[in-house]
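Letter by letter, the chains look like this.
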Amino acid sequence: MWTAVCKYSQLEPGRGVAALVEGEAVAVFRLRDGSLYAVGNLDPFCGASVISRGITGMRGDGTATVASPMYKDVFDLATGVALDAPDVRLPVFAVRRHRGVVWVGPDVTSQTAAGAELLTEPTLVT
């Protein structure tokens, strides 16, 4: 099931927004290159819903990241893995752009998401 979050044009590049998707707090990001990412908004280190307010960046190897505003833990936006604690991760959600609207789909890291398609590049489906 896909949930419309907002218009693509309303997402400020480099910034995140929080959305409630199927009862779960999700942080949605549009990076400066136009790519879209959606991860859980709950910081696993402090328990606060703050990931959407994190600082986005890009590692030298091209890994898109977000740093939590609380303790500055950095997460890979594509996998949800905490870069300094690989056993900790954020849930990752499928995300796409369709007709100018950003849609968030299922959690692709859960056991129940078999077959879910992870889309992290901006896509326009007509």
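Residues numbered from 1 in each chain as written. Predicted model: local features only at pLDDT ≥ 70, side-chain atom pairs only at ≥ 80, totals over all residues. Heavy atoms only, no water.

> In this structure, what is going on with the sheet that holds strand 3 (residues 24-30)? I would like to understand it.
Either a parallel or an antiparallel arrangement is found when strands of a sheet pair, and the pairing is made through backbone hydrogen bonds. As summarised here, the arrangement of the 3 strands in space is 2-3-4, forming an open sheet in which the pairing is antiparallel. The open sheet has two edge strands, strand 2 (15-21) and strand 4 (36-40), and neither has a second partner. Averaged over all adjacent pairs, the angle separating strand axes in this sheet is 30°, with direction ignored. (Pairing = 2+ DSSP bridges. Helix = DSSP H or I, 4+ residues; strand = E, 2+ residues; numbered from the N terminus. Axes fitted to C-alpha atoms, helices over the stretch in contact; angles between N-to-C directions.)

> Sorry, what's going on with the pattern of salt bridges here?
Side chains that differ in charge, positive against negative, can pair when their charged atoms come close. Inspection of the entire model under this criterion finds 1 salt bridge. Here R15 and E12 are joined by a salt bridge, their closest N and O atoms 3.9 Å apart. Given the relative accessible area of 49%, E12 is considered partly exposed. (Salt bridge = Lys/Arg side-chain N within 4 Å of Asp/Glu carboxyl O. Buried < 20%, exposed > 50% of the residue type's maximum accessible area, 1.4 Å probe, protein only.)

> Quick question: what am I supposed to make of the environment of W103 here?
Mapped onto the elements, W103 comes out in strand 11 (residues 101-107). What makes W103 partly exposed here is its relative accessible area of 24%. Sequence spacing of W103 and C6 is 97 residues, and the spatial spacing of their C-alpha atoms is 7.7 Å. If sequence neighbours within four positions are ignored, W103 has contacts with W2, T3, A4, A94, V95, R96 and H98. (Contact = heavy atoms within 4.5 Å.)

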